[in-house]
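Secondary and tertiary structure notes
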Amino acid sequence: RPFHVEPTNIVSVNDDIQRVTDEASAMNKRIHYYSRLTSPSDRALIAPDHVLPAPDEIYVYSPLGTAFKVDSCTDGYGKNSSIVTIFMIWNTMMGTSILSIPWGIKQAGFTSGIILILLMGILTLYCCYRVVKSRKMIPLIDTSNWEFPDVCKYYFGSFGQWSSLLFSMVSLVGAMVVYWVLMSNFLFNTGKFIYNFVHDINVTDIVPGTNGSNKVICPSAASGHPPQNRSVMFSSGNDTGFELFEEWWNKSKTVPFYLIAVLLPLLNLKSPSFFAKFNVLGTVSVVYLVFLVTVKAAHLGIHLEYNWFTENDFFVPEFRILFPQLTGVLTLAFFIHNCVITLLQNNRNQENNVRDLSIAYFLVGLTYLYVGVIIFASFPSPPLSKECIEQNFLDNFPSDDIMSFVARIFLLFQMMTVYPLLGYLARVQLLRQFFGNAYPSVFHVLVLNVAIVGAGVAMARFYPNIGGIIRYSGATCGLAFVFVYPSLIYVISQHRAGQLTWPALIIHIFIILLGLANLIAQFLL
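Keep in mind that what you see is a predicted model, and the values were worked out from it rather than measured.

Calculation rules
Residues numbered from 1 in each chain as written. Predicted model: local features only at pLDDT ≥ 70, side-chain atom pairs only at ≥ 80, totals over all residues. Heavy atoms only, no water. Helix = DSSP H or I, 4+ residues; strand = E, 2+ residues; numbered from the N terminus. Buried < 20%, exposed > 50% of the residue type's maximum accessible area, 1.4 Å probe, protein only. Contact = heavy atoms within 4.5 Å. Areas by Shrake-Rupley, 256 points an atom, 1.4 Å probe, with all protein chains shown as cover. Salt bridge = Lys/Arg side-chain N within 4 Å of Asp/Glu carboxyl O. Disulfide = S-S within 2.5 Å. pLDDT = per-residue confidence, 0-100. Phe/Tyr/Trp six-rings, centres within 6.5 Å; stacked < 30°, edge-to-face > 60°. Lys NZ or Arg CZ within 6 Å of the ring centre and 35° of its normal. Patch = residues over 30% accessible without salt bridge, like charges linked within 9 Å, V, L, I, M, F, W, Y side chains within 5 Å. Expected span 1.5 Å × (residues − 1). Core = buried A, V, L, I, M, F, W, Y, C linked by side-chain atoms within 4.5 Å. Polar contact = N/O pair within 3.5 Å; in protein donor to acceptor, adjacent residues only side chain to side chain.

This part covers the overall build of the protein. Scanning the protein from terminus to terminus reveals 15 helices and 4 strands. Within the protein, buried positions represent 55% of all 525 residues. If you take every contact in the protein between residues at least 6 apart in sequence, the share linking residues at least 24 apart comes to 79%. Of the roughly 23000 Å² that the protein leaves accessible, carbon and sulfur atoms contribute 67%.

Encoded structure:
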């Protein structure tokens, strides 16, 4: 009898073959991606020979954001739905920059701060589009496994390769320095809260503040530098023990050094992938911060007064010349350009990449706006001045504030798990470039880690200003990855294709000049 096959069966078989082909292709892409992150002798991100690597296992890191593993909510073939893709981009971008947004708004002025958040979000989103499309503008070459530094190397040769490494290291080391400053801050306040609670000590900081159960303080009014742990004890207790504790538990003189005992050994691990399991803490921390801000604002109320160009004792003008300090912070707050290709290549519907990226940026901008505006608007002025808003807005709440204590605990643990991952990424990028091996020897790794930790300790000791560190590192790495490289690559590719127009050339030159002005302004203001 003639063999008969139903057309529906043929379609089903073809679908199965296509799915298997897509799965194998996705698997090969991950293997290639892993092999470029580590040396052949380092098996940290290389699957064993007897195990087929899951097509959806991939780690994405963003400076000042979270370490995110793409390993859930896939369709079984290594692809994510649009909702998952949007959430991953939001989760990766949301980082410690959110703590400095209210301070940035204060520096720029309330009205201009809101406008700048919107404009910087649109500008960085457009540059992100250029990054995503940069691979597709290269003809006759398979760029499916390329990341943005590969594209820079293609267009600019060894200069693009080494300069992208330099700016990538600036972003990573800058993030690690900010983490060390914040971890010192959170550890200090957490230890102070626990000590006072255990010993039943009632203390008040020698800083101006409001009265009542929802106390807000102004540390910057007490001194010209970030506050130390100077306190007055009201209830009876062991005075000598309390003074000894204050001597050995100091925010800048002792606590930054205590962290070395915990974090330096973790940095020397060959593979810190265990810590990536805690990436969900980043999401929990951001959600809790939004909850904290909402509750505090409900109790404090709204305190706004519009002074367009003049200052008074309690409010700042709507427009201030210090606005570049906010743009520097926002450059890093919206920075995802070094890993956006990796995130979007796992999107199930590639035709939705632009839409999903736009929605993710909108949600990130909305989160920044909500936290920044609510903290600024609800800050009690009078009796305190808006100038009292700290570079880390949690510093405006005393160490004995329960909700702030919980927030600091969340953030401290999250940062202590992300810090080794950032150190591992810095080690892989730097040592593999120079020695061809991510772990050439214990000595090489130890020297690098001691240098990174030393930078963090020095900053926590002498310049514990996270807003300043974020804006300097953000404007520096953003100059390359956000403003210059995406614009130059677009102009060069359009010129080679004979499609470059004068309006497009002028617009992209203007974007480059904006990035350059943003960097220069950080050192002038």
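Let us look at the pattern of salt bridges. In this structure the tally under the stated criterion is 4 salt bridges. The closest approach of N and O atoms between K296 and D401, which form a salt bridge, is 2.6 Å. Taken as a pair, K296 in helix α8 (residues 280-300) and D401 in the loop between α11 (353-378) and α12 (402-435) lie far apart in primary sequence, 105 residues in all. Note on accessibility: K296 and D401 belong to one class, buried. A salt bridge links R355 to D356; its shortest N-O distance comes to 3.0 Å. Looking at D356, the relative accessible area reads 0%, which means it is buried. Overlapping salt bridges bring together K106, R320 and E387 as one network.

What follows concerns the environment of S220. Inspection of the secondary structure assignment puts S220 in the loop between β3 (203-205) and β4 (231-233). A relative accessible area of 35% places S220 in the partly exposed class. Sequence separation between S220 and N396 is 176 residues; the distance between their C-alpha atoms is 9.5 Å. Ignoring any residue separated from it by four or fewer positions in sequence, one finds S220 in contact with E387, C388 and E390.

Most of helix α3 (residues 101-108) sits inside the fold, with 8 of its 8 residues counted as buried. The elements touched by buried residues of α3 are α4 (110-134), α9 (324-333), α11 and α14 (466-496).

A covalent bond between the sulfur atoms of two cysteines is what we call a disulfide. What the rule picks out here adds up to 1 disulfide. Disulfide partner of C218: C388, at an S-S distance of 2.0 Å. Taking the sign of the torsion about the S-S bond as the criterion, the disulfide between C218 and C388, at about -80°, is left-handed. Here the residue C218 occupies a position in the loop between β3 and β4, and C388 occupies one in the loop between α11 and α12, the gap between them amounting to 170 residues. The same class applies to C218 and to C388, which are both buried.

In the predicted model, the protein carries a mean pLDDT of 81, and the fraction of residues at 70 or more is 81%. Segment residues 23-59: pLDDT under 50, and 72 contacts once partners within four positions in sequence are set aside and those in other chains are kept. Between residues 225-236, whose pLDDT stays under 50, and residues either more than four places distant or in other chains, the model counts 39 contacts.

The subject of this paragraph is the packing of aromatic side chains. This structure, assessed with the given rule, holds 22 aromatic pairs. Judged by centre distance (5.2 Å) and plane angle (10°), the rings of F110 and F376 are stacked. Of this pair, F110 sits in helix α4 while F376 sits in helix α11, placing them 266 residues apart in sequence. Each of the two residues, F110 as well as F376, counts as buried. Chaining the aromatic ring pairs together yields one cluster made of W146, F148, Y154, Y155, F156, F335, F481 and Y485. The residue whose ring lies beneath K270 is Y439, and the NZ or CZ to ring-centre distance is 5.1 Å. The lysine or arginine in question, K386, covers the ring of F376, its NZ or CZ lying 4.9 Å from the ring centre.

Before going further, it helps to spend a moment on a nonpolar patch on the surface. A surface patch of nonpolar side chains, amounting to about 970 Å² of accessible area, comprises I115, L119, I122, I302, L304, Y306, W308, F309 and F319. By the element assignment, I122 lies in helix α4.

Turning our attention to α4. Helix length check: α4 (25 residues) gives 36 Å between terminal C-alpha atoms against 36 Å at 1.5 Å per residue, within 8%. The buried count for α4 comes to 18 of 25 residues, which makes it a mostly enclosed element.

As a further point, take the nonpolar core. Counting 123 residues, the largest nonpolar core has L99, L357, F393, L394 and Y419 as the members making the most contacts within it. At 18 residues, the largest contribution of residues to this core is made by helix α5 (residues 148-198). Contact partners of L357, with chain neighbours within four places excluded, come to I89, L125, C128, Y129, V132, V340 and L344. Residues I201, F245, W249 and V255 belong to the second largest nonpolar core, which totals 7 residues.

Time to look at the environment of F291. Counting through the fold element by element, F291 comes out in helix α8. Judged by relative accessible area, which is 48%, F291 ranks as partly exposed. Separated by 112 residues in the primary sequence, F291 and M403 place their C-alpha atoms 9.7 Å from one another.

This part takes up the side chain of T331. The residue T331 is located in helix α9 in this model. We classify T331 as buried; its relative accessible area is 0%. A distance of 2.7 Å separates a polar side-chain atom of T331 from the backbone oxygen of T327.

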